[in-house]
Amino acid sequence: MTSLISAAAGNAAAIAAEQKSADVTDWAARAGWVVGLLLFIALVYWLMREGWKWRGTLQGDLPELPTAPSEPGPAKLELSGRYHGSTTAGQWLDRIVAHGLGTRSRVELTLTDAGLDVVRPGAADFFVPAAQLREARLDKGIAGKVLAEGGLLIVTWEHGEKLLDSGFRSDRAAEQAHWVEAINNMIKTSTTEGTAR
């Protein structure tokens, strides 16, 4: 029994002699990696920002956004939710960034006989005159934002000589269908009145 104990003790001593302490962390190399990673992230952010600014420059021919008239008339519909951006009509990935149209934000929409008033806290407000409205529909995506089928209210409108799609998401998604119907009826009515003259 004592020979087993002495053999075990001898093995333990041999194992202890073979074990080495863990390597000491090379803090200089680790700090270098962290600084390099931070510089890489800063470079990517800077390139994205420059790309955003360049896109705005390319869209410089887009006129200033119209503002709401002082007397727009009584509200037909009101909606609170999110503004997800504007794109060239029919091209849901061609984001428009000029005049702040690319900035996502909270939104308060008001539809009147005069048009669509878009109030965005923290971003540029704009107004779409009724004569510039072209279509409203439910869709699933715009400018990199994809939701369930019919999750976005898309309003197509003319600005300058360009057709734009603007995407909105109501806090109460069920009311978006009423908006589509109301805007499209408004467009049909104004088109009918225009052809009757």
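Quick note: structure is the one above.
## Quick word on the overall build of the protein chain
Part 1 of the argument: When helices and strands are tallied, the protein chain shows three helices and 10 strands.
Part 2 of the argument: If you list the helices and strands of the protein chain from N to C, you get α-α-β-β-β-β-β-β-β-β-β-β-α.
Part 3 of the argument: The buried share of the protein chain, reckoned over its 197 residues, is 29%.
Part 4 of the argument: The contacts of the protein chain with a sequence gap of at least 6 include a subset with a gap of at least 24, amounting to 60%.
Part 5 of the argument: Surface accessibility of the protein chain: about 12,300 Å² in total, with carbon and sulfur atoms responsible for 60%.

## Observations concerning the packing of aromatic side chains
Part 1 of the argument: For the structure shown, the criterion picks out three aromatic pairs.
Part 2 of the argument: On the basis of an interplanar angle of 70 degrees and a centroid distance of 6.2 Å, the ring pair of Y83 and F126 is categorised as edge-to-face. Taken together, the positions of Y83 in strand β1 (residues 77-88) and F126 in strand β5 (residues 126-129) put the pair 43 residues apart, joining distant regions of the chain. In this pair, the class of Y83 matches that of F126, namely buried.
Part 3 of the argument: Ring centres of F126 and W157 lie 5.5 Å apart, and the angle between their planes is 15 degrees; on these two criteria the pair is classed as stacked. Of this pair, F126 sits in strand β5 while W157 sits in strand β9 (residues 152-159), and the two are 31 residues apart along the sequence.
Part 4 of the argument: Overall, the relative accessible area of 1% leaves F126 in the buried class.
Part 5 of the argument: Judged by its relative accessible area of 1%, W157 is buried.

## Examining the pairing of β9
Part 1 of the argument: A large share of β9 lies buried, amounting to seven of its eight residues.
Part 2 of the argument: Across seven bridges, β9 lies against strand β10 (residues 162-170) in antiparallel orientation. Along β10, the bridge assignment pairs I154 with G167.
Part 3 of the argument: What sits between β9 and β10 in their antiparallel hairpin is a turn of two residues, with G160 showing a positive phi close to 70 degrees.

## Overview of unusual backbone geometry
Across residues other than glycine, the phi torsion is negative in most instances, and most of the peptide bonds are trans.
Part 1 of the argument: Despite not being glycine, H99 has its phi angle at roughly 60 degrees, a positive value.
Part 2 of the argument: On the secondary structure map, H99 appears in the loop between β2 (95-96) and β3 (105-111).

## What about a nonpolar patch on the surface?
Part 1 of the argument: Side chains of V34, L37, L38, F40, I41, V44 and M48 sit close together on the surface and give an oily, nonpolar patch of about 700 Å² of accessible area.
Part 2 of the argument: One can find L37 in helix α2 (residues 27-58).

## Focus on the side chain of S86
Part 1 of the argument: Among the structural elements, S86 can be located in strand β1.
Part 2 of the argument: Of the polar contacts made by the side chain of S86, one reaches the side chain of Y83; its length is 2.7 Å.
Part 3 of the argument: Looking at S86, its side chain comes within polar contact range of the side chain of S166, at 2.6 Å.
Part 4 of the argument: Not counting residues up to four positions away in its chain, the partners in contact with S86 are D94, R95, I96, L101, D165 and S166.

## Here's the deal with the pattern of salt bridges
Pairs may arise between side chains of opposite charge once their charged atoms sit close together.
Part 1 of the argument: Summed over the entire model, instances satisfying the criterion amount to seven salt bridges.
Part 2 of the argument: Where R134 meets E158, a salt bridge forms, and the shortest distance between an N and an O atom there is 2.4 Å. Highlighted residues: R134 in strand β6 (residues 133-139) and E158 in strand β9, separated in sequence by 24 residues.
Part 3 of the argument: Its relative accessible area of 36% is what places R134 among the partly exposed residues.

About the cut-offs
- Residues numbered from 1 in each chain as written.
- Predicted model: local features only at pLDDT ≥ 70, side-chain atom pairs only at ≥ 80, totals over all residues.
- Heavy atoms only, no water.
- Helix = DSSP H or I, 4+ residues; strand = E, 2+ residues; numbered from the N terminus.
- Buried < 20%, exposed > 50% of the residue type's maximum accessible area, 1.4 Å probe, protein only.
- Contact = heavy atoms within 4.5 Å.
- Areas by Shrake-Rupley, 256 points an atom, 1.4 Å probe, with all protein chains shown as cover.
- Phe/Tyr/Trp six-rings, centres within 6.5 Å; stacked < 30°, edge-to-face > 60°.
- Pairing = 2+ DSSP bridges.
- Patch = residues over 30% accessible without salt bridge, like charges linked within 9 Å, V, L, I, M, F, W, Y side chains within 5 Å.
- Salt bridge = Lys/Arg side-chain N within 4 Å of Asp/Glu carboxyl O.
- Polar contact = N/O pair within 3.5 Å; in protein donor to acceptor, adjacent residues only side chain to side chain.

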